[in-house]
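# Observations on chain architecture
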Amino acid sequence: MAVTIHRRSTWAVHVPDTSTGADLIADRAATVYWDYEFPYRAAQEAIVAQAGMGPLNSGREWTPWKGGVFIHHRGLVPRILNDEDDCRRDIAEVWAKEYIEDFDDIEYNFLVCPHGHVYEGRGLQRGEANSPGYIRESGYGDVGRNTGYYSICGLLWSTQQPTSAMKKSIRDLIWHLRTAVPDNRKAGDAIYPHSKNNPGTDCPGNLTSYAKTGSDIDPGMPAPSAPAQLDVISRSQWNARPPRQVVKVPYGQRVGFAVHYSAGNKYQTVRAIQNYHMDSNGWDDIGYNFLVDWQGRIYEGRGWTNLGAHVAGYNTSHIGVCFIGVDGDATTEAKNAIRSLYHAANERTGRTLNATYHSALAPTQCPGAELRLWVVNGMSGSTLPIGDSESGTPGMGETGVRSVIAQQRAVNGLGHTPPLDEDGVFGPLTGAGVKWLQTKVGTDPDGLWGPATEAAYVAYIGRGGGGGGVATIRSVSAQQRAVNGLGYTPALATDGIFGPLTETGVKWLQSKVGTAPDGMWGPDTERAYADHTGSPNFSGGGVTTIRAVRAQQRAVNGLGHTPPLDEDGVFGPLTEAGVKWLQGKVGAAADGMWGPATEAAYTAYSDGERLPVDGEFGPATITATQRAIGVTADGEWGPASRRALQQHLNTWAGAELVVDGDIGTATVEAMQRHLNKMTGAGLLVDGDWGTGTTKALQTALNQGRF
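A separate point is the pairing of strand β10 (residues 256-261). Across the six residues that make up β10, a large majority, six, are buried. Alternating positions in β10 separate into two faces, Gly256, Ala258 and His260 on one and Phe257, Val259 and Tyr261 on the other, with burial throughout. As defined by bridge partners, β10 adjoins strand β13 (residues 318-323) across six bridges and the pair is classed as parallel. Across the sheet, the residue bridging to Gly256 is His318, located in β13. Pairing analysis gives four bridges linking β10 to strand β14 (residues 354-357), with the strands arranged parallel. The residue bridging Ala258 from the neighbouring strand is Thr356, located in β14.

Moving on: the nonpolar core. By size, the foremost hydrophobic cluster in this structure holds 30 residues, and its most contacted members are Trp11, Ile91, Trp95, Ile106, Tyr108, Leu111 and Leu155. At the level of secondary structure, the elements contributing two or more residues to this core comprise α1 (9-12), α2 (19-31), α3 (39-52), α4 (84-103) and β7 (149-157). Examining the composition of this core, we find that seven residues originate from one element, α4, more than from any other. Ranked by size, the runner-up nonpolar core spans 29 residues in total, among them Val232, Tyr261, Phe290 and Val321.

This part takes up the packing of helix α7 (residues 332-349) against helix α9 (residues 368-376). A pair of packed helices is characterised by two quantities: the angle between their axes and the separation of those axes. Where α7 contacts α9, the axes come no closer than 12 Å and their chain directions differ by 45 degrees. If you check the angle between α7 and α9, you find them oblique. In terms of crossing hand, the pair formed by α7 and α9 is right-handed. Taking contact as the criterion, the partners of Lys335, Ile338 and Arg339 in α7 are, on α9, Glu370, Leu371 and Trp374. Class assignment for the residues of the contact of α7 with α9 results in three nonpolar, no polar and three charged.

This part takes up the sheet that holds strand β11 (residues 290-292). Taken together, the six strands give an open sheet; going across it, the order is β9-β12-β11-β13-β10-β14, and neighbouring strands pair in mixed fashion. Edge positions in the open sheet fall to β9 (232-233) and β14, since each of these has one partner strand only. Here β9 pairs with strand β12 (residues 298-300) via two bridges, running parallel. Pairing of Val232 across the sheet is with Ile298, part of β12.

This paragraph deals with the confidence of the model for the protein. Considering every residue of the protein, the mean pLDDT works out to 86; 91% of them sit at 70 or more. No element of the protein has a lower mean pLDDT than helix α12 (residues 451-463), which averages 63, and none a higher one than strand β3 (residues 110-112), which averages 98. The low-confidence segment residues 390-400 (pLDDT under 50) makes 38 contacts with residues lying over four places distant or belonging to another chain. Every residue in residues 536-541 scores below 50 in pLDDT, and together they form 17 contacts with partners more than four places removed in sequence or on other chains.

A separate point is the pairing of strand β5 (residues 134-137). Only one face of β5 is buried, namely the one carrying Ile135 and Glu137, since none of Tyr134 and Arg136 on the opposite face is buried. Pairing of β5 with strand β6 (residues 141-144), which is carried by four bridges, proceeds in the antiparallel orientation. Looking at the pairing, Ile135 lines up with Val143 of β6. The hairpin formed by β5 and β6 contains three residues between the paired strands, and Gly139 there has a positive phi angle of roughly 90 degrees.

Our focus in this paragraph is unusual backbone geometry. Glycine aside, the phi torsion of most residues is negative, and most peptide linkages are trans. A cis amide bond, omega -5 degrees, links Thr489 with the succeeding residue Pro490. Following Thr562, the chain continues into Pro563 via a peptide bond in cis, with omega recorded as -10 degrees. With respect to the helices, strands and loops of the structure, Pro563 is situated in the loop between α16 (549-558) and α17 (573-586). Positive phi is not limited to glycine here, since Met379 has a value of about 50 degrees. As for its position among the elements, Met379 is in the loop between α9 and α10 (404-413). Even without a glycine there, the phi angle at Glu656 is positive, about 55 degrees. Positionally, Glu656 belongs in the loop between α20 (639-653) and α21 (665-679).

This part is about the packing of aromatic side chains. Enumeration over the complete set of coordinates arrives at 15 aromatic pairs. Judged by centre distance (5.9 Å) and plane angle (55 degrees), the rings of Tyr149 and Tyr192 are tilted. With Tyr149 in strand β7 and Tyr192 in strand β8 (residues 190-193), the pair connects residues that are 43 residues apart, well separated along the chain. Taking the relative accessible area as the measure of exposure, Tyr149 reaches 0% and is therefore buried. The rings of Trp62, Phe110 and Tyr150 are connected pair by pair, giving a single aromatic cluster. Over the ring of Phe38 we find Arg41; its NZ or CZ atom is 4.4 Å from the centre of that ring. Positioned above the aromatic ring of Trp294, the side-chain terminus of Lys266 is 4.5 Å from the ring centre.

The end-to-end C-alpha separation of helix α18 (residues 596-607) is 16 Å, in line with the 16 Å expected for twelve residues at 1.5 Å each. Taken across its twelve residues, α18 has nine buried, putting it largely inside the fold. Buried positions along α18 lie against α6 (270-280), α16, α17 and α22 (691-703).

Calculation notes
- Residues numbered from 1 in each chain as written.
- Predicted model: local features only at pLDDT ≥ 70, side-chain atom pairs only at ≥ 80, totals over all residues.
- Heavy atoms only, no water.
- Buried < 20%, exposed > 50% of the residue type's maximum accessible area, 1.4 Å probe, protein only.
- Helix = DSSP H or I, 4+ residues; strand = E, 2+ residues; numbered from the N terminus.
- Pairing = 2+ DSSP bridges.
- Core = buried A, V, L, I, M, F, W, Y, C linked by side-chain atoms within 4.5 Å.
- Axes fitted to C-alpha atoms, helices over the stretch in contact; angles between N-to-C directions.
- Parallel < 35°, antiparallel > 145°, perpendicular 65-115°, else oblique.
- Left-handed = near helix turned anticlockwise from the far one by under 90°.
- Contact = heavy atoms within 4.5 Å.
- Nonpolar A, V, L, I, M, F, W, Y, C, P; charged D, E, K, R; others polar.
- pLDDT = per-residue confidence, 0-100.
- Phe/Tyr/Trp six-rings, centres within 6.5 Å; stacked < 30°, edge-to-face > 60°.
- Lys NZ or Arg CZ within 6 Å of the ring centre and 35° of its normal.
- Expected span 1.5 Å × (residues − 1).

Written as structure tokens, this is what we have:
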């Protein structure tokens, strides 16, 4: 069932041939490349390069092994695709439309044409085509439609029938996703039509009857086999919040390895544990160095070399590993993963660490009787090699900014010789290539593609042979305001247009703040300006390496801000106020700057419940509460749900309630205290579950902080 996946570059070259792509290029020529000798040509080259650059890591939670795939079609208005150029033009049109609509990229992971060719969209990175909502999966609870499923689009329309070649290629692609990709990208066994639990669409049309397990496009699941190694799920893959502070610990100071359990239900997310640790406990990050779920999957917490917060007095000396679940939940696979982490820790530190558990170091029940006995008896089981996570450790390549394959394509695009293999594997050659690129674009050659490298790279390719002014640090209008703010005369017009006067002004500012006067506002200029003014978090800029101003404006409007912001890409007082409003809504510090913390909070909110904060404890809010407390999400507030709420408050709020299902004053007071601590709700702790308490609960559920 081998499958050939055609790279994005095969369809990206056709973007100028589409009506939407031509409009996009014309707009870019007029607004960005207007001062070039050939503006349209420059814009066309940039747009084609951007479309073909490779799928970017969205930094959002991505767990396709929990779900599987959704099947889509192209829609209602039929189009005849006579040959492969027609198919590629059609995909290019999809990309251009979705780029303009601010999805930043094509939404599908893969697209399959009537002739049986498979094309890369977002590839193995998370897609966004499956619509919001959840699907209940055995063994995992409710799985987000985009969080846990690939999206595969057949290039056909409602009145058209899928060809045999298309069906065979979809089948081969699903087999590929189940067997031939890294474990933390493998697809689960589910196959669904886009219309499942989604009454607003009949997608995928005539593919619907095939979009199910056991159909002609289902290749079956591979026979179970022991993995060759255990991969670590990176922080970006579980959508971690950025830490407030990081303290490094040399391996030489490590002498122990402590086993914990989360004491919550085994379906709780790592992000939920992190929220509790940061919001309720006030810690800088999730407390553990690593976490392990009941299937033996390993999640990166603080990582190998960062100070944890898992046992007071032992955080420097001990690496802390947490099993996600309660006493009795730990499976053989989970124990093997913990044992493998222990042996990996011994290899990294060059010594045999003392294997222990939380209650041997502090008065607690953690990690429960079963895991405690298992550790005492020597942690029996199998040991497998531990692969490195894709983000936290230098040398692993993927940083949440750009996937490994996208880095390789960027390196090749700047003329590296010999060209790197674009295989998504971050080995020594790719590391050397990234360092070469970093040197070329003028940033620290450390081999890690982080925000500074992304900013420098985008600035480098964006300015071509000269000028341009658009960096990913600060919008043009913000640069103009900064220049004027330092006393430049005559004052620049703050019109967002980077012309010769603005370039001269930026060079003047750069000389004034003590950095190279090259006219490009990149990371070095931003740091120098911040040092000069004493204000590292500027309020007039709006552009970060995370999200452009227009994208911020659309995000604010998408959450219902009134009146809607003008989506003009200009960061003025109204946009700043709108960003602060959004930050308050999603649970980030309302400073008006869209940085990593805001992005993490916004993406978690977008993937979350999206409840109306109306104070009504109806079926939707009950279902969301049930998901948070780990019981069947059926919308019925019965005795099992009430007992689960009490147990949840005992575990996460130290409530010490009697778990009897009686939601009396003590239970409500405990919940009100918990909501105040987790979200700053400001509730009066009076034991009265009224509209205000329900609104605070809805806010916490929306933010994933209950």
